[in-house]
Amino acid sequence: MAYKHEDLSPPLDSTSSPPPLFDGTTRLYVCYTCPFAQRVWITRNYKGLQDKIKLVPINLQNRPAWYKEKVYPENKVPSLEHNGKVIGESLDLIKYMDSNFEGPSLFPTDPERRKFGEELITYTDTFTRALYSSFKGDAVKEADAQFDYLENALKKFDDGPFFLGQFSLVDIAYIPFVERLQVFLSEVFKYDITAGRPKLAAWLEEINKIEAYKVTKTDPKELVEFYKKRFLDQQ
Ligand SMILES: N[C@@H](CCC(=O)N[C@@H](CS)C(=O)NCC(=O)O)C(=O)O
């Protein structure tokens, strides 16, 4: 099926009125640069749900008050307004979206693959925490350990370039963070995450061909600047 492109609307800020909440429309609240929101945005796109799930971008720097008050008291993105309820947490949301909406399935039925997939999805928190907390310490050593872990995981099923062979929720859980870490580690630490890791290199090459993901990418220059300020206190 051909990918359905859409125009992205500008983010809503403190001056914007809320959408007509709980009118039966399914809405995915995101921030275009948030890696957690990106997971759910990719899932929506890959399943071809552009017409069924309306994307509502929020400006997190200048947040509309109604978002916390009327939509999601946690005041974070992503969140999904569906069937009169609002739910959050990106890893729960990608599973929820895969199970409750039409479109290609993003999790295999084979028990061995499912078990490994769950393990890898759970590991994303360890992976990101270890790397993000290493930037002021031994970032290279931590990057070696964490990207070796991914390289080994990619060796498990060889009937496709993705973690469970075919493209799945596991790839979606990791790619927003790998996208950011790849540019940041390369720019700041001169560290190439794909050097000596052919599986990871092939994974990135294939994932970058997927339109549903490509349209969600953040400008690498913007990422590096933001990460420098956020993690290295550099202006
Ligand atoms: N555990 C959450 C994390 C979501 C999250 O931290 N999102 C950030 C943006 S990248 C956010 O909304 N931050 C706003 C805030 O914490 O006030 C998930 O997986 O969805």
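Residues numbered from 1 in each chain as written. Predicted model: local features only at pLDDT ≥ 70, side-chain atom pairs only at ≥ 80, totals over all residues. Heavy atoms only, no water.

Right, let's get into the overall build of the protein. Assigned secondary structure in the protein consists of nine helices and four strands. Shown N-terminal to C-terminal, the secondary structure of the protein runs as helices and strands in the order β-α-β-α-β-β-α-α-α-α-α-α-α. Relative to its length of 235 residues, the protein is compact, with a C-alpha radius of gyration of 18 Å against a globular reference of 18 Å. Reported as C-alpha extents along the three principal axes, the dimensions of the protein are approximately 50 × 50 × 30 Å. Burial status across the protein gives 49% buried among its 235 residues. Summarising the internal contacts of the protein: among those between residues at least 6 apart in sequence, 72% fall at separations of at least 24. (Helix = DSSP H or I, 4+ residues; strand = E, 2+ residues; numbered from the N terminus. Rg over C-alpha atoms; globule rule 2.2 N^0.38 Å. Buried < 20%, exposed > 50% of the residue type's maximum accessible area, 1.4 Å probe, protein only. Contact = heavy atoms within 4.5 Å.)

This part takes up the domain arrangement of the protein. According to the domain assignment, the protein contains domain 1 (26-100) and domain 2 (111-232). Opposite the 16 residues of domain 1 that make contact, domain 2 presents 20 residues. Taking both sides of the interface into account, the surface hidden between domain 1 and domain 2 amounts to around 1,600 Å²; carbon and sulfur atoms contribute 68%. One can count one salt bridge joining domain 1 with domain 2. Two residues, K95 and E118, come together in a salt bridge whose shortest N-O distance is 3.3 Å. Linking domain 1 to domain 2 there are seven residue pairs in polar contact (both at pLDDT 80 or more). (Domains from an automatic or database assignment. Buried area = accessible area lost by both parts, 1.4 Å probe. Salt bridge = Lys/Arg side-chain N within 4 Å of Asp/Glu carboxyl O. Polar contact = N/O pair within 3.5 Å; in protein donor to acceptor, adjacent residues only side chain to side chain.)

It is worth spelling out unusual backbone geometry at this point. A cis geometry characterises the amide bond from V77 onward to P78, with omega recorded as 5 degrees. Within the secondary structure, P78 sits in the loop between helix 2 (65-71) and strand 3 (79-82). Despite not being glycine, N83 shows a phi value in the positive range, around 55 degrees. Here N83 lies in the loop between strand 3 and strand 4 (85-88).

Here D159 is to be found in the loop between helix 5 (139-153) and helix 6 (169-189). On the accessibility criterion, D159 (44% relative accessible area) is partly exposed. In sequence terms D159 and T25 are 134 residues apart; their C-alpha atoms lie 39 Å from each other. At 3.2 Å, the side chain of D159 and the side chain of R113 are in polar contact.

Quick look at the pattern of salt bridges now. Under the criterion given, the structure shown has 15 salt bridges. In this structure, R27 engages E81 in a salt bridge whose closest nitrogen and oxygen atoms are separated by 2.9 Å. With a gap of 54 residues between them, R27 in strand 1 (residues 26-30) and E81 in strand 3 connect regions that are remote in the sequence. Here R113 ties to D110 by a salt bridge, and the two come within 3.5 Å at their closest N and O atoms.

In the vicinity of the ligand, the residues found are C34, P35, F36, L60, R63, N75, K76, V77, P78, E89 and S90. Residue E89 places a side-chain N or O atom 2.8 Å away from a nitrogen atom belonging to the ligand. Within the complex, the protein chains bury 71% of what would otherwise be the 510 Å² of accessible surface of the ligand. Residues belonging to the shell around the ligand are distributed by class as follows: six nonpolar, two polar and three charged. (Near = heavy atom within 4 Å. Areas by Shrake-Rupley, 256 points an atom, 1.4 Å probe, with all protein chains shown as cover. Nonpolar A, V, L, I, M, F, W, Y, C, P; charged D, E, K, R; others polar.)

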